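# Analysis of the macromolecular model
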Amino acid sequence: QVQLVESGGGLVQAGGSLRLSCAASGSIFRIGAMTWYRQASGKQRELVAVILSGGSTNYAESVKSRFTISRDNAKNTVYLQMNSLNSEDTAVYYCNAVIATTQTLHFRSDYWGQGTQVTVSS
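The following refers to the structure shown. Fair warning: this is a prediction, and the values are worked out from it, not measured in the lab. (Residues numbered from 1 in each chain as written. Predicted model: local features only at pLDDT ≥ 70, side-chain atom pairs only at ≥ 80, totals over all residues. Heavy atoms only, no water.)

### Things to note about the overall build of the protein chain
Filter applied, for reference: Secondary structure is summarised from DSSP: a helix means a run of H or I of at least four residues, a strand means a run of E of at least two, and numbering begins at the N terminus for each. Three exposure classes are used, based on accessible area relative to the maximum for each residue type with a 1.4 Å probe and protein chains only: buried under 20%, partly exposed in between, and exposed over 50%. Any pair of residues with heavy atoms lying within 4.5 Å of one another is described as a contacting pair. Counting rule applied: Lys, Arg positive; Asp, Glu negative; His and chain ends not counted. In this description, the location of a charge corresponds to atom NZ of lysine, CZ of arginine, CG of aspartate or CD of glutamate.
Along its length, the protein chain carries zero helices and eleven strands. Ordering the α and β elements of the protein chain from the N terminus gives β-β-β-β-β-β-β-β-β-β-β. C-alpha extents for the protein chain along the principal axes are approximately 50 × 25 × 25 Å. Across the 122 residues that make up the protein chain, the buried fraction comes to 41%. In the protein chain, the share of contacts with a sequence separation of at least 24, taken over all contacts with a separation of at least 6, comes to 57%. Charged side chains in the protein chain number 10 positive and 7 negative. The centres of these two groups are separated by 5 Å.

### What about the nonpolar core?
This is how it is decided: Among buried residues, those of type Ala, Val, Leu, Ile, Met, Phe, Trp, Tyr and Cys that are joined through side-chain atoms within 4.5 Å constitute a nonpolar core.
Ranked by size, the top nonpolar core spans 31 residues in total, and within it Trp-36, Leu-80, Met-82, Tyr-93 and Ile-99 carry the most contacts. Taken together, the elements giving at least two residues each to this core come down to strand S1 (2–7), strand S3 (18–26), strand S4 (28–39), strand S5 (46–51), strand S7 (67–72), strand S8 (77–82), strand S9 (91–101) and strand S11 (116–121). Take this core: its biggest share by element is five residues, from S9.

### Some points on the pairing of S9
To keep things clear, this is the line we draw: Whether two strands pair comes down to DSSP finding at least two bridges between them.
Of all eleven residues in S9, eight are buried; the element is thus mostly enclosed. Of the pairings in the sheet, the one linking S4 to S9 comprises nine bridges and is antiparallel in character. Bridge pairing in S9 places Tyr-37 opposite Tyr-94. Sheet topology note: the S9/S11 ladder contains three bridges and is antiparallel. Across the sheet, residue Tyr-93 finds its bridge partner in S11, namely Thr-116. In terms of strand pairing, S9 meets strand S10 (residues 107–112) through four bridges, oriented antiparallel.

### Quick notes on the state of the cysteines
Going by this rule: Cysteine sulfur atoms are paired as a disulfide whenever they fall within 2.5 Å.
Per the counting criterion, the structure on display carries one disulfide. Two residues, Cys-22 and Cys-95, share a disulfide whose sulfurs are 1.8 Å apart. A torsion of 40° about the S-S bond marks the disulfide between Cys-22 and Cys-95 as right-handed. In this pair, Cys-22 is assigned in strand S3 and Cys-95 in strand S9, connecting sequence segments 73 residues apart.

### Things to note about the sheet that holds S7
Heads up, the rule is: Axis geometry follows a simple rule: fit a line to the C-alpha atoms, using only the stretch in contact for helices, then measure angles between N-to-C directions, giving values from 0 to 180 degrees.
In space, the four strands of this open sheet follow the order S1-S3-S8-S7, with antiparallel pairing throughout. Among the strands making up the open sheet, the edge pair consists of S1 and S7. Shown here is a sheet whose adjacent strand axes are inclined to one another by a mean of 15°, direction ignored. In this structure, S3 lies alongside S8, joined through six bridges in antiparallel fashion. Bridge assignment links Ala-23 to a residue of S8, and that residue is Thr-77.

Encoded structure:
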């Protein structure tokens, strides 16, 4: 009943920028925290950034000075602005959302996007 659709990935040179988007749709009552994760080839998935419903944010240390997470509650969308990209940022980026559906009216955290590939060339 709920889907998360990501977009904005692609190939960029080191030092460049990308903005990722993730839009939630379906039988949504409320959305709580929204989070970006990434998984590089052969590595564990790691948390990149999280934004709470009230706007508070947290970042992984490796991206703290370069990435910005934001959200548009009217569009049920979370964004990740990525600047000064380097080869270590190459990964599949996934969004996650805590969502209460209109049917259950309680929050669940197991909603994921399909992932979008970010490749940084050197």
